[in-house]
Amino acid sequence: MSATLRHLWIVAAALLALACLPVRAQQYSFQSYDRKSGLESQTINCMLQDHRGFIWACSEMGLYRFDGTNFVRMGRAEGFDKGEYVTSIVENVNTGRFWVATQSGLRVGDGLHFQKVEPDGKPLVVDVARQLVALDDGRLLLVRNDRLMVLSPRHTDGQWQLAPMFSTAQLDRYPQLRRITSVFAYRNGLWIGCDTALCEIGADGQVRIHGADEGVPADTWSGMRVDNDGTLWLRGVHQVRARPAGSARFVARDVPDKDMDTVTDNGTFIEDPAGHVLTPTNHGLARWNGTHWDVIDARNGLPDIGITAVLFDRDGTMWLGTYGRGIFRLSNYGLVDGWGRGQGLDSVPNWSILRDGQGTMWFGNELGGSVLPRGQTHMSPWPVSISPAPRQVLSMVKAPDGAIWIGLYEHRLLRYDPVSKRTALVARLPSFIKVLFFDRQGRLWIGTVNGIYHIDRLGAPPQRVPAEQSTDNQCSDIAEDSHGALWFACNAGVLRYADERWTLMAATEVSMASGFSAITIGTDDSLWLGANEPGVFRGKVVGDQLSIAAVDDSWLQRSLVYFIRRDRRGWIWAGGGGGVDVFNGHSWTHLSPDDGLIWDETDQNTFFEDDDGSIWIGTPVGISHVLRPEDMLSASPHTVVITSVMHGAQPVNEGDTVPNDGNHAPLIVRYTLLGRVSSSAPHFRYRLQGSDWIETSSHVINFTGLPSGHYRFEVQSIDEDRRSVSSSATFTFRIPAPWWFAWWTYPLEIVLAVLMLALVWRWRSRLLRGQNRRLEAMVAKRTAELTEEKRELERARAELYVQATHDGLTGLYNRMAILGLLAAHLEKGARVSPGLAVALIDADHFKRINDTFGHQAGDATLQTIAEQLQSYVRGGDQLGRYGGEEILMVLPGIGHLDAENRMLQIQQAVSAIAHSWHGDQFRVTLSIGLVWVGGETVTVEDVIRRADDALYAAKSEGRDRVVSEVIGA
């Protein structure tokens, strides 16, 4: 074999290997929509975004329209019967006409109302999984009984007529046209999958058959697309072909056999916003990158199930319809990369991030670290080598000489030299390290849980800043302003180091007893602060005083900030337990997994701005890399659209008069939301002209009892994530006065009223007055008695219920109640996937508190611990006092790794809280025994016994820790 041929074989083998690789560089965060979101059937046949912006989904149970929160099925009011099997949908943007193919017949409409299409009075049912093609001249191409048909309006009576596309002579000459598998209109011609060949119909109606001579092998060609480069793509059952623009031949671009087989009769191609062509595979998607297919599957976060429909909407959001799993949505496709275990991240959660001088990204995490060289798509173990192996890498920083300094939870300070590739132990500090920071002079500052240290030069030992000058409390973050002053966020407050002088800044306006945990410097040298309580705070420096004010933002006031940083744009990034909020100098924007982040919870040192302006954010499950923050935050505004107004069963049009002559049916206004989907549920406000705004989360408003007059209904969307309000959608209508309010009725009404009063007054007035007095007295007395009896009964019931189910000291569930809740979770069929975690929590050395300070101090401490634990529970979690200082926590619907990480975070956070009693300060650590139950059937007694064993192990191993056990993993 010649050298040239051998090289060609090597290149071909390499390309074949690449073609089989998944896209390891991305971990996607998908949001799902299923029955809870309105989809009665979770098998999706097709999806579409119309010219208004509505997202449509076809299923075996009907046609659905997305309203910003859920999918709403089109019913009789829109022209559909209940439970129709919808197979295809198409819109002609130029005419605004929709065509919907169902198993009970074809529908046509404007997107709001549809009607049946019945040529010759008969329902028109098209072949399943065959595309509809809406032509600009108003005609529709469809496949029925394997033949291509043309549906066109009849000019004489406006009815529809159906005719074959091809004549008998054409079918005899080209028998392939007797079996149509797909239709695609391009420019003035058609491309058709015909039997096992490809047919081209020119503008002149001439038929041309493309076969093996032009690179088109025999296959069932069920999907076609022309991309932005003019390349024609063909999708068969087992093969993919493409004909580049200007070429006469098709070339093979097959997806690897293991990823492509028969997944659907309706072969799908879609083009993403970057111009990449995608097509479904057996277990995900394949994306053409210009040289080979990148396979995106479960290793990248996709559901491991057949994808039947793919849609990119105008905002760049990816929608995936699946076979039996509903719809999945990925926001900001192409703007955020996710990195997790599937991409080589060796451990989570992540604690710190940086890029070294060689361009390699470093990620410090729970069990050590990972590195990612620039341009690579898979992480590698970090090169730090020292015994014992580093754990819980809380902070990393790059020194001016390029070395990497590493601060660990277990007190060690390490230095990695990228030139010699050697790791050295610099020091072992008395307490664990929270943050590392190099100032402009090259000094290393170290914030720990017991004060501040610094190293002035390489080789010098760490020096403790005397507590009397600074603090001996925890300092979690450090920043340097434009004048070279250093600022420290500490539990004792904000410390400043300037001109060789330490100052504990006196806070005005807002006093923060719990201290601060995060700090950054604004472009105007103001301070942005995160505290040990919810909110973001801004400080103005006046001498040795700091005027602190909470940022007036409802979302931030509910968020506990873990990090706060300023990027080169001057934007402020605040990450917490519920996502990331960004301030661009004008407004705040909230980002979460609904915006493409891999997870919503962050940590203190997990923000890093890269040299290209992109942002890396660490989370407990992986890393989010925001590639283009400007694009991610420039979301299109929401738009509210009024979809229908009904008076009873009658539609009401703009400006209509709504009769009120005895018809008491309500006026029902329905509206929906268009635009980028936010992480929070859509929120609206509406009003009738002249009245105040009323806020609601409903998509339907009912009006009853409106008096006569002219009305203007107005509704807006409130986007809490973007802190914005949409423009108004309006609808005007009129309610006429009833006939008995006409001018001529007034004299008649007066006469009738006078006569009636005269007739009745004489014989009824005395009787009625007497009866009324007696009845009023009896009713008043009895009403008062019943009201008091009801009030006493309700009060007694409430008190008995609380006494029976809650602990009097902590306010938590008592032992019987929490065990009852645990038993309910363990019942067959009640277990929530992926599993159930049960934690037995005990305060370490609690007897010492009672012995030292008295039982009142012990009770107060237990109350504080209970309150802190309550602040960390999720919506479905439950807490109960199991006995003494033991607390039982039940966490349904959680994986065992997530449960272990969560309990570790809770244990560390609550154990770090300072308690006080009559001026004495002390801390109480927690030991936790955790049991995670998968699908195994277990009893309450067994779970409690194992949790107690795990707790005993935690105590035996030195306390202040979490020990876990897995049942039925």
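Worth saying up front: this structure is predicted, and the values here are computed from it rather than measured.

Scoring rules and cut-offs
Residue indices begin from 1 for each chain and proceed along its sequence in written order. Confidence filtering applies because this is a predicted model: local features only for residues at pLDDT of at least 70, side-chain atom pairs given and counted only at 80 or more, and all residues used for totals across whole chains, interfaces and linings. The side-chain numbers reported here are obtained from all heavy atoms of the structure, hydrogens and water having been left aside. Numbered from the N terminus, helices here are DSSP runs of H or I no shorter than four residues, and strands are runs of E no shorter than two. Buried means the residue's accessible area, taken with a 1.4 Å probe over protein chains only, is under 20% of the maximum for its type, while exposed means over 50%, and partly exposed covers the values in between. To measure how exposed things are, a 1.4 Å probe is used in the Shrake-Rupley method; for residues, cover is taken only from the protein chains shown. None of His or the chain ends enter the tally, which takes Lys and Arg as positive and Asp and Glu as negative. Throughout, a charge is located at the NZ atom of Lys, the CZ atom of Arg, the CG atom of Asp or the CD atom of Glu. Multiplying one less than the number of residues by 1.5 Å gives the expected span of a helix. Residue contacts follow a heavy-atom distance rule, with two residues in contact if any of their heavy atoms lie within 4.5 Å. Each Phe, Tyr or Trp ring, with Trp reduced to its six-membered ring, pairs with another whose centre is within 6.5 Å; inter-plane angles below 30 degrees give stacked pairs, above 60 give edge-to-face pairs, and intermediate values give tilted ones. In this analysis the charged atom, NZ for Lys or CZ for Arg, is taken to sit over a ring once it is within 6 Å of the ring centre and within 35 degrees of the ring normal. What makes a salt bridge here is a side-chain nitrogen of Lys or Arg within 4 Å of a carboxyl oxygen of Asp or Glu, nothing more. Candidates for patches are residues over 30% relative accessible area with no salt bridge; among them, like charges are joined within 9 Å and nonpolar side chains (Val, Leu, Ile, Met, Phe, Trp, Tyr) within 5 Å. Pairs of cysteine sulfur atoms within 2.5 Å are identified as disulfides in what follows. Whenever a helix is involved, its axis is fitted only over the stretch in contact; in every case the axis is a line through C-alpha atoms, and angles between N-to-C directions fall within 0 to 180 degrees. Throughout this description, any angle smaller than 35 degrees is read as roughly parallel, any larger than 145 degrees as roughly antiparallel, any in the 65 to 115 degree range as roughly perpendicular, and the remainder as oblique. For this classification, Asp, Glu, Lys and Arg are treated as charged, while Ala, Val, Leu, Ile, Met, Phe, Trp, Tyr, Cys and Pro are nonpolar and the rest, including Gly, are polar. When DSSP finds two or more bridges between a pair of strands, those strands are recorded as paired. Note: crossing handedness is left-handed where the near helix turns anticlockwise from the far helix by less than a right angle, and right-handed where it turns clockwise.

**Student:** What should I look at first to understand the overall build of the protein in this one?
**Tutor:** Secondary structure summary: the protein contains nine helices and 73 strands in total. Projected onto the principal axes, the alpha-carbon positions of the protein cover approximately 125 × 100 × 60 Å. A total of 969 residues make up the protein; the buried ones form 52% of that total. Carbon together with sulfur atoms contributes 51% to the accessible area of the protein, which is approximately 44,800 Å² in total. Charged side chains of the protein number 94 positive and 112 negative; the gap between the two group centres comes to 3 Å.

**Student:** In this structure, what is going on with helix H9 (residues 940–956)? I would like to understand it.
**Tutor:** Since one α-helical turn is 3.6 residues long, residues separated by three or four positions face the same way. Relative to the 24 Å expected for 17 residues at 1.5 Å per residue, H9 spans 24 Å between its end C-alpha atoms, a close match to the ideal helical length. Buried within H9 we find Val940, Asp942, Val943, Ile944, Arg946, Ala947, Ala950, Leu951, Ala954 and Lys955. Contacts from the buried residues of H9 go to helix H5 (815–826), strand E67 (836–843), strand E68 (878–883), strand E69 (886–892), strand E72 (926–933) and strand E73 (962–967). Gly958 occupies a position one or two residues after H9 and carries a positive phi of about 120°.

**Student:** I would appreciate a short explanation of the packing of aromatic side chains in the present structure.
**Tutor:** Aromatic ring pairs are described here by two measures, namely the spacing of the ring centres and the angle between the planes. For the structure on display, the rule yields 44 aromatic pairs. Taken together, a centroid distance of 6.2 Å and an interplanar angle of 80° make the contact between Phe98 and Phe114 edge-to-face. One end of the pair, Phe98, is in strand E7 (residues 97–102); the other, Phe114, is in strand E9 (residues 114–116), and 16 residues separate them in sequence. On the basis of relative accessible area, Phe114 is assigned to the buried category, the value being 7%. Ring centres of Trp405 and Phe438 lie 6.0 Å apart, and the angle between their planes is 70°; this geometry places the pair in the edge-to-face category. A residue pair is termed long-range when its members are at least 10 positions apart, and Trp405 in strand E35 (residues 404–408) and Phe438 in strand E38 (residues 433–438) qualify at 33 residues. For the pair shown, Trp405 and Phe438 are each scored as buried. Above the face of the Trp693 ring, Arg685 is positioned so that its terminal group lies 4.4 Å from the ring centre. The ring of Tyr882 carries Arg815 above its face, with NZ or CZ at 4.0 Å from the centroid.

**Student:** Looking at this model, I keep getting lost on the pattern of salt bridges. Mind explaining?
**Tutor:** Two side chains with opposite charge may pair up if their charged atoms get near one another. Within the structure shown, the criterion is met by 45 salt bridges. For Asp81, the salt bridge goes to Lys116, with nearest N and O atoms at 3.9 Å. Here the residue Asp81 occupies a position in the loop between strand E5 (71–73) and strand E6 (86–92), and Lys116 occupies one in strand E9, the gap between them amounting to 35 residues. Asp297 serves as the salt-bridge partner of Arg299, at 2.5 Å between the closest nitrogen and oxygen. The structure contains a network of salt bridges with shared partners spanning Arg76, Asp81, Glu84, Arg107 and Lys116.

**Student:** I keep staring at a positive patch on the surface and nothing clicks. Help me out?
**Tutor:** Residues Arg766, Arg769, Arg773 and Arg774 make up a contiguous surface patch of positive charge. Residue placement: Arg769 occurs in helix H4 (residues 745–805).

**Student:** Looking at this model, I keep getting lost on the state of the cysteines. Mind explaining?
**Tutor:** Simply put, disulfide is the name for a covalent bond between the sulfur atoms of two cysteines. Within the structure shown, the criterion is met by three disulfides. Here Cys46 pairs with Cys58 through a disulfide, and the sulfurs are 2.0 Å apart. In this structure the cystine formed by Cys46 and Cys58 twists about its S-S bond by roughly -100°; its chirality is therefore left-handed. Highlighted residues: Cys46 in strand E2 (residues 44–49) and Cys58 in strand E3 (residues 55–59), separated in sequence by 12 residues. One disulfide in the model links Cys194 with Cys199; its S-S distance is 1.9 Å. Its S-S torsion of about 90° marks the bond between Cys194 and Cys199 as right-handed, since a negative value means left-handed.

**Student:** I'm lost on the packing of helix H6 (residues 846–853) against helix H7 (residues 855–872) in this one. Help?
**Tutor:** Between two packed helices, both the angle of their axes relative to each other and the distance between the axes serve to describe the pair. Following both chains from N to C, one finds H6 and H7 inclined at 140°, their axes separated by 6 Å at the closest point. One way to sum up the angle between H6 and H7 is to call them oblique. From H6, Phe846, Ile849, Asn850 and Phe853 reach across to H7, where they touch His855, Ala857, Gly858, Thr861 and Leu862. Looking at the contact of H6 with H7 residue by residue, the classes come out as five nonpolar, four polar and no charged.

**Student:** Just to check I follow, could you spell out the environment of Trp382 for this structure?
**Tutor:** Topologically, Trp382 is positioned in the loop between strand E33 (380–381) and strand E34 (393–398). What makes Trp382 buried here is its relative accessible area of 10%. In sequence terms Trp382 and Asp219 are 163 residues apart; their C-alpha atoms lie 49 Å from each other. In this structure, Trp382 is in contact with Trp362, Gly368, Gly369, Ser370, Val371, Pro390, Val393, Met396 and Ile406, ignoring residues within four places of it in sequence.

**Student:** How do you make sense of the sheet that holds strand E49 (residues 536–542) when you look at a structure like this?
**Tutor:** Neighbouring strands of a sheet are bound in pairs by backbone hydrogen bonds; such pairs are parallel or else antiparallel. With mixed pairing, five strands are arranged side by side in an open sheet as E46-E50-E49-E48-E47. Two strands close off the open sheet at either side, each with one partner strand: strand E46 (506–509) and strand E47 (516–521). Put simply, the sheet's adjacent strands are angled 35° from each other on average, direction ignored. Pairing between strand E48 (residues 527–531) and E49: four bridges, direction antiparallel. Counterpart to Leu529 in the pairing with E49 is Phe537.

**Student:** Please explain the sheet that holds strand E29 (residues 336–339) as it appears in this structure.
**Tutor:** Spatially, E29-E57-E56-E55 is the arrangement adopted by the four strands of the open sheet, whose pairing is antiparallel. The open sheet terminates on both sides in strands that have one partner only, identified here as E29 and strand E55 (607–609). Averaged over all neighbouring strand pairs, the angle between strand axes comes to 15°, with direction disregarded. Pairing between strand E56 (residues 615–618) and strand E57 (residues 623–626): four bridges, direction antiparallel.

**Student:** Sorry, what's going on with the packing of H5 against H9 here?
**Tutor:** The geometry of H5 relative to H9 is characterised by a closest axis approach of 10 Å and an angle of 110° between their N-to-C directions. As the angle between them shows, H5 and H9 are arranged roughly perpendicular. Where H5 crosses over H9, the handedness of that crossing is right-handed. Between H5 and H9, the contacting residues are Leu819, Leu822, Ala823 and Leu826 on the first element and Val940, Val943 and Ile944 on the second. Looking at the contact of H5 with H9, its residues break down into seven nonpolar, no polar and no charged.

**Student:** Teacher, can you tell me more about the pairing of strand E14 (residues 180–186) here?
**Tutor:** The side chains of a regular strand alternate between the sheet's two faces. Burial analysis of E14 places five of its seven residues in the buried class, the great majority of the element. Two strands pair when backbone bridges link them, and E14 and strand E15 (residues 189–194) are joined in this way by six bridges, in the antiparallel orientation. Within E15, the residue paired with Ile180 across the bridge is Cys194.

Honestly, that's just the spatial picture; any functional story needs more than this.
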